[in-house]
Amino acid sequence: MSYYMHHFPWWFHRFETLSNHFIELIAPFFTFLGRRMCIVNGAIQILFQVVLIISGNLSFLNWLTIVPSLACFDDASLSFLFRCGSGAKEAVLEIQKEEATGQAPKPTKGTLIRRVVNISLGVLIGCLSIPVVMNLLSPRQVMNTSFDPLRIVNTYGAFGSITKERTEVIFQGTLSPDPKDPETVWEEYQFKCKPGDVYQQPCLISPYHYRLDWLMWFAAFQTYEQSEWIIHIAGRLLANDSTVLSLLDYNPFQGRDPPRWVRGEHFRYKFTQPGSASTAQGKWWLRKRIGAYFPAVDLEGLRGYFQSRNWPHPHIPPSRS
């Protein structure tokens, strides 16, 4: 769906932005405006998350966000889930009716103790949340941080900022002994979900999470010096490591000798235009090379790099020793 929604008219995207601000900044306060408005907020939040689920691969984040929204619905609004013959529905409605008319029985000692505990817990969370709120309002906001030793209150977030371009790191390998030879043929590894092959249809895997694909997306925002694990993966690919290869969708060297060299290339991706010649050819993506992400490396050349970081050096095949 992301491909088609990306090509919606400009006014729809303006509407999306406005709706996003309304749903995240205004609608949550409906929770405190009575039963009906609380239910409206719950429905809006769940609908918003469902739209995000079908239009993007954010793993389980949106599914988790639906969970607290369920608290906006009371028993009466969910009574259709109860079987009429069991009597549970009638019992719940009767209890709520008594509470609404003030006919509820006098609270017991246990009920009063529970109320005190609930209020005390609420006050504790409120006090501990002060630095969290101050961080939220700060121009130097810190993400994914805890503010107390027991980690009762924390800040979290998937994105500190949103990029306007999609860049990707593409692993390429070759059997050529000379990576600088213009005639060298480089073959690409393909991941299970992230963009690579321009003919590969965008996938929908939520709530499942291809964590390596996710991390590769973030690595493309940075350099390989900031994401050294990229070089670690390159070393494993040079050794045809079965564990790493199991995380990939396509290994161009399957059933062949391992590659002599592996490199990372940096590309800028964007969707093809519906009705264009590229779309007619079966392409979902257009891509343009930005440059080298990391230079061509071989196992012997990585030995010192791995040792300096206390990484176990991949086994060098006997034919390369």
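Residues numbered from 1 in each chain as written. Predicted model: local features only at pLDDT ≥ 70, side-chain atom pairs only at ≥ 80, totals over all residues. Heavy atoms only, no water.

The name an unreviewed UniProt entry assigns to the chain is Lipase maturation factor, from the organism Ataeniobius toweri. Regarding the chain, the relevant UniProt record gives this comment under Sequence similarities (unreviewed entry): "Belongs to the lipase maturation factor family." As recorded by UniProt, the Function (unreviewed entry) comment attached to the chain reads in full: "Involved in the maturation of specific proteins in the endoplasmic reticulum." (UniProt positions renumbered as here; feature names shortened; annotations may be inferred.)

Asks: How would you summarise the overall build of the chain if you had to cite specific residues and measurements?
Replies: Regarding its fold elements, the chain presents twelve helices and eight strands. Over its C-alpha atoms, taken along the principal directions, the chain stretches across nearly 85 × 50 × 45 Å. Counting over 321 residues, the chain shows a buried share of 31%. Long-range contacts, defined here as pairs at least 24 residues apart, represent 61% of the contacts in the chain between residues at least 6 apart. Computed over 31 positive and 26 negative side-chain charges, the inter-centroid distance for the chain is 5 Å. (Helix = DSSP H or I, 4+ residues; strand = E, 2+ residues; numbered from the N terminus. Buried < 20%, exposed > 50% of the residue type's maximum accessible area, 1.4 Å probe, protein only. Contact = heavy atoms within 4.5 Å. Lys, Arg positive; Asp, Glu negative; His and termini not counted. Charge placed at Lys NZ, Arg CZ, Asp CG, Glu CD.)

Asks: Tell me about the side chain of Glu168, residues and numbers included.
Replies: Position of Glu168 relative to the elements: it lies in strand β3 (residues 166–174). Look at Glu168 and you get buried, because its relative accessible area is 0%. A distance of 3.0 Å separates polar atoms of two side chains, one belonging to Glu168 and the other to Lys194. Not counting residues up to four positions away in its chain, the partners in contact with Glu168 are Lys194, Pro195, Trp217, Ala220, Glu265, His266, Phe267 and Tyr269. (Polar contact = N/O pair within 3.5 Å; in protein donor to acceptor, adjacent residues only side chain to side chain.)

Asks: Summarise the nonpolar core; cite the residues concerned and give the values.
Replies: Counting residues in each nonpolar core, the largest one holds 25 residues, and the members touching the most others are Phe171, Tyr189, Leu237, Val262 and Phe294. With six residues, helix α9 (residues 229–238) is the largest single contributor of residues to this core. In this structure Phe294 touches Phe171, Tyr224, Ile230, Ile231, Ala234, Val262, Arg263 and Gly264, once residues within four positions along its chain are discounted. Listed in part, the eight residues of the second largest apolar core include Tyr3, Val198, Phe267 and Trp285. (Core = buried A, V, L, I, M, F, W, Y, C linked by side-chain atoms within 4.5 Å.)

Asks: Lay out the packing of aromatic side chains in plain terms, naming residues and giving numbers.
Replies: Tallied over the full model, the rule gives 21 aromatic pairs. The interplanar angle of 70° and the centroid separation of 5.7 Å between the aromatic rings of Phe218 and Phe221 together place this pair among those described as edge-to-face. Given the relative accessible area of 22%, Phe218 is considered partly exposed. Ring centres of Tyr224 and Phe294 lie 6.3 Å apart, and the angle between their planes is 65°; this geometry places the pair in the edge-to-face category. (Phe/Tyr/Trp six-rings, centres within 6.5 Å; stacked < 30°, edge-to-face > 60°.)

Asks: Describe unusual backbone geometry, naming the residues involved and giving the relevant values.
Replies: Omega for the bond connecting Ser206 with Pro207 falls within 30 degrees of zero, at 10°, which places this linkage in the cis form. Note on placement: Pro207 falls in the loop between β5 (190–191) and α8 (211–219). Unlike most non-glycine residues, Asn240 shows phi in positive territory, near 55°. On the secondary structure map, Asn240 appears in the loop between α9 and α10 (242–245). Residue Asn310 is not a glycine yet carries a positive backbone phi of 60°. By secondary structure assignment, the location of Asn310 is in the segment after α12 (299–308).

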